[in-house]
Amino acid sequence: MRFLGLDSSTQSLTALIIDTDTGEVIDRSIQFGARLPQYKSPNGFLPSDDPRVKHSDPLMWVEALDLLLGELREAGVDLSTIKGVSGAGQQHGSVYLAHPIDEAGMWDASLPLAEQVRPLLSRKTAPIWMDASTGAECAEITAAAGGADKMVAITGSIAIERFTGPQIRKFWKTDPAAYERTAEIQLVSSFVASLLTGTSVPIDLGDGAGMNLLDLAAGAWSPLLLDATAPGLGRKLKAAVPGATYAGTVADYFVKRYGFAPNTAVIAFTGDNPSSLVGMGASQPGTAVVSLGTSDTMFAAMPAPRTDPNGYGNVFGNPAGGFMALCCFSNGSLAREQIATRFHLGWDDFAQAIVERTQPGNGGNMLLPYFVPEITPRLPAPAERWFGTPDFVAGKDPAAAARAVVEAQALSMRLHSAFIGAAPSRILVTGGASKNAGILRVLADVFQAEIIPLRVGNSSALGGALRAAQAVEGRPWSDLFARFTAPDSSRRVAPDPRSKVTYEGISTQLQARLKDLLAQTPATR
Ligand code: ADP
Ligand code: XUL
């Protein structure tokens, strides 16, 4: 049987189709910046004068869905053979609707969907995970909830700028009339699922855990936090549901326009990271995953929620049951791109600079690469600091700059993910930058772990297809993982034991420099 997984991520929408009988995989993506330039979002979000504010136009995601399904059909993919659909969205981003979606029979299949969804929105833009502008709201929610420890005990995370609750509170404070007009608030994941079914689909527990609103132990919205966040919020959220929940069938619009079968099942969508956990075959505790997308994340399944004493890490729901821990770094691919662009390096040159032209430790050169506000560690404003040789500091050493950005990222990842558990000896990697041999080399040496790339490029979309297959066909996870998540052994990277001592020393140095940087950074709350 064939299943479709969708991933509505920061910079692109991906469709991935699996055939559970033949093992065949087809995938296709739409890059928002290149393909939908009318939304003026080259990296998936709108320009803003305040670097802390990051919003996207939700209609861009709707239009991308039309474009992608149209391309699949034109490429000869018979969508009537798809038995089930599930998927994922970038986490935390929120969409505000004046009416719940109940248009299944009303959307006109001869017209673009975006035009028909436009009147449903009560807020033109959607704050996304990169937004860091809600420091005041985090402090207010924390105080009303009874303190940071209480927040962690209920939700698995302290109140965090990018999480949906603080974003909702800011909307209520800045535009109370529009908040009042909002009948329903969706995450990106549940919004895309709602488009597909033409009905409002509930938020799943995995992604719902990234809102600062979910009581993890109860698996339900916390009345205390709903009240602490904004008035009447409980009425604007449907009850959260487990990951494998059947959400309905594909709306008439998609049946008529793209040839889906009318009874195609839609399974609740989840966050891109929880979905990746499944798509990497890592939903059992014991395997760490690094995802190198727009953000870099490091995550792992956990038998019971374990929280970060420093308050940077988060706990989300594991779609296969239980929980997962995650650390998110906003200066991921965008920071690497910043260096690549500034020094005129293509990705091949970037990899070569690391593997062939520089050594572990980078000759003492170090960069703190915070080109956008950082989530881990929390930096409310961009900051870049260059330490080392005069050429490096003057921006005249492209090879050292390439290694410096990646070494700092990998060392910070190791430092800040330590709370998740024992140091991993194997790390699975995914995301756009996992193609880069230079980045994999540094990760292997810094973590002193074997780095194993996944064969399929988009583990979030694959996770969606696998979750649909598991829910509809009832196949055991182990069968699905054996067939679809086998790693790409030819690209494994083994650590060089000689670099261990070097990185121990540099790690201490980085820690000290981060401490200085944080001390210079004005507190936001
Ligand atoms: P997201 O899912 O967040 O939209 P992706 O996982 O698709 O992101 O990754 C996109 C990023 O991957 C791009 O921003 C780009 O910087 C990076 N990327 C793509 N190819 C390479 C490469 N060969 N080396 C390093 N980075 C790459
Ligand atoms: C995770 C996070 C990002 C987004 C976008 O907490 O904010 O990883 O999910 O990928």
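Residues numbered from 1 in each chain as written. Chains lettered and ligands numbered in written order. Predicted model: local features only at pLDDT ≥ 70, side-chain atom pairs only at ≥ 80, totals over all residues. Heavy atoms only, no water.

Comments concerning the overall build of the protein chain
In terms of regular secondary structure, the protein chain is built from 20 helices and 21 strands. For the protein chain, the C-alpha radius of gyration of 22 Å lies close to 24 Å, the compact-globule estimate for 525 residues. Overall size of the protein chain, expressed as C-alpha extent along the three principal axes, is 65 × 55 × 45 Å. The buried share of the protein chain, reckoned over its 525 residues, is 61%. For the protein chain, the accessible surface area stands at approximately 18800 Å², while carbon and sulfur atoms represent 53% of it. Here the protein chain contributes 45 positively and 50 negatively charged side chains, and the mean placements of these two sets differ by 3 Å. (Helix = DSSP H or I, 4+ residues; strand = E, 2+ residues; numbered from the N terminus. Rg over C-alpha atoms; globule rule 2.2 N^0.38 Å. Buried < 20%, exposed > 50% of the residue type's maximum accessible area, 1.4 Å probe, protein only. Areas by Shrake-Rupley, 256 points an atom, 1.4 Å probe, with all protein chains shown as cover. Lys, Arg positive; Asp, Glu negative; His and termini not counted. Charge placed at Lys NZ, Arg CZ, Asp CG, Glu CD.)

Describing the site of ligand 2
Every residue close to ligand 2 is listed here: Gln91, His92, Trp129, Arg162, Asp272, Asn273, Ser295, Thr297, Phe316, Leu326 and Cys328. One of the side-chain nitrogen or oxygen atoms of Asn273 is found 3.1 Å away from an oxygen atom of ligand 2. In this structure, an oxygen atom belonging to ligand 2 sits 3.0 Å away from a side-chain N or O atom of Ser295. In the complex, the protein chains occlude 96% of the 290 Å² of accessible area that ligand 2 would expose alone. At a threshold of 2 Å from the grid points, most atoms of ligand 2 map onto the largest pocket. Every element with two or more residues in the shell around ligand 2 is listed here: α12 (272-279) and β17 (323-329). (Near = heavy atom within 4 Å. Polar contact = N/O pair within 3.5 Å; in protein donor to acceptor, adjacent residues only side chain to side chain. 1 Å grid on protein atoms, 1.4 Å probe; cavity = no way out; pocket = protein on both sides within 12 Å on 5 of 7 lines; lining within 4 Å. Sits in = over half its atoms within 2 Å of the grid points.)

Considerations on the side chain of Glu71
With respect to the secondary-structure elements, Glu71 resides in helix α2 (residues 58-74). At a separation of 2.7 Å, a polar atom in the side chain of Glu71 contacts the side chain of Arg35. Residues contacting Glu71, with those up to four places away along its chain left out, are Arg28, Ile30 and Arg35. (Contact = heavy atoms within 4.5 Å.)

Quick look at unusual backbone geometry
With an omega dihedral of -5 degrees, the bond running from Thr376 to Pro377 counts as a cis peptide bond. The residue His344 is not glycine, and still its phi comes out positive at about 55 degrees. Along the chain, the position of His344 falls in the loop between α13 (333-342) and α14 (347-356). Of note, the phi angle at Gln448 is positive, near 50 degrees, even though the residue is not glycine. With respect to the helices and strands, Gln448 occurs in the loop between α17 (437-447) and β21 (450-453). For Gln448, a relative accessible area of 23% translates into the label partly exposed.

Brief notes about the nonpolar core
The biggest cluster of nonpolar side chains holds 174 residues, and the ones touching the most others in it are Phe254, Phe260, Phe350 and Leu443. Of the residues forming this core, the biggest block, 11 residues, is contributed by helix α16 (residues 398-416). Aside from chain neighbours lying at most four places away, what touches Leu443 is Val290, Leu292, Ala410, Met413, Val429, Gln448 and Ile451. (Core = buried A, V, L, I, M, F, W, Y, C linked by side-chain atoms within 4.5 Å.)

Regarding the sheet that holds strand β16 (residues 314-317)
Across the sheet, 6 strands lie side by side as β16-β17-β15-β14-β20-β21; this open sheet has mixed pairing. In this open sheet, the two edge strands, each paired with only one partner strand, are β16 and β21. Pairs of neighbouring strands in the sheet enclose a mean axial angle of 30 degrees, with direction left out of account. Looking at chain direction, strand β14 (residues 288-292) and strand β20 (residues 426-430) are connected through 4 bridges and run parallel. Following the sheet pairing, Val290 is matched in β20 by Val429. Strands in contact with α12 are β15 (296-302), β16, β17 and β20; relative to β15, the strand with the most contacts, it is inclined by about 65 degrees. (Pairing = 2+ DSSP bridges. Axes fitted to C-alpha atoms, helices over the stretch in contact; angles between N-to-C directions.)

Section: the environment of Ile339
Summarising the element assignment, Ile339 is placed in helix α13. Overall, the relative accessible area of 0% leaves Ile339 in the buried class. The sequence separation of Ile339 and Leu113 amounts to 226 residues, and the corresponding C-alpha distance is 38 Å. Apart from residues no more than four positions distant in its own chain, Ile339 is found in contact with Phe350, Leu367, Phe371, Trp386, Ala401, Ala402 and Val405.

Considerations on the layout of surface pockets
The calculated volume of the largest pocket comes to roughly 1100 Å³. Lining the largest pocket we find 49 residues, and of these Leu292, Gly293, Thr294, Gly431 and Gly432 sit closest to its centre. It is strand β3 (residues 25-31) that contributes the most residues to the lining of the largest pocket, 4 residues altogether. Surrounding the second largest pocket, 22 residues form its lining, Ile420, Gly421, Ala422, Ala423 and Pro424 being those nearest its centre. At 5 residues, the largest contribution of residues to the lining of the second largest pocket is made by β15. When the residues that make up the lining of the second largest pocket are grouped by side-chain class, the tally is 14 nonpolar, 5 polar and 3 charged. (Points joined across faces, edges and corners; volume = space filled by probe spheres on them. Nonpolar A, V, L, I, M, F, W, Y, C, P; charged D, E, K, R; others polar.)

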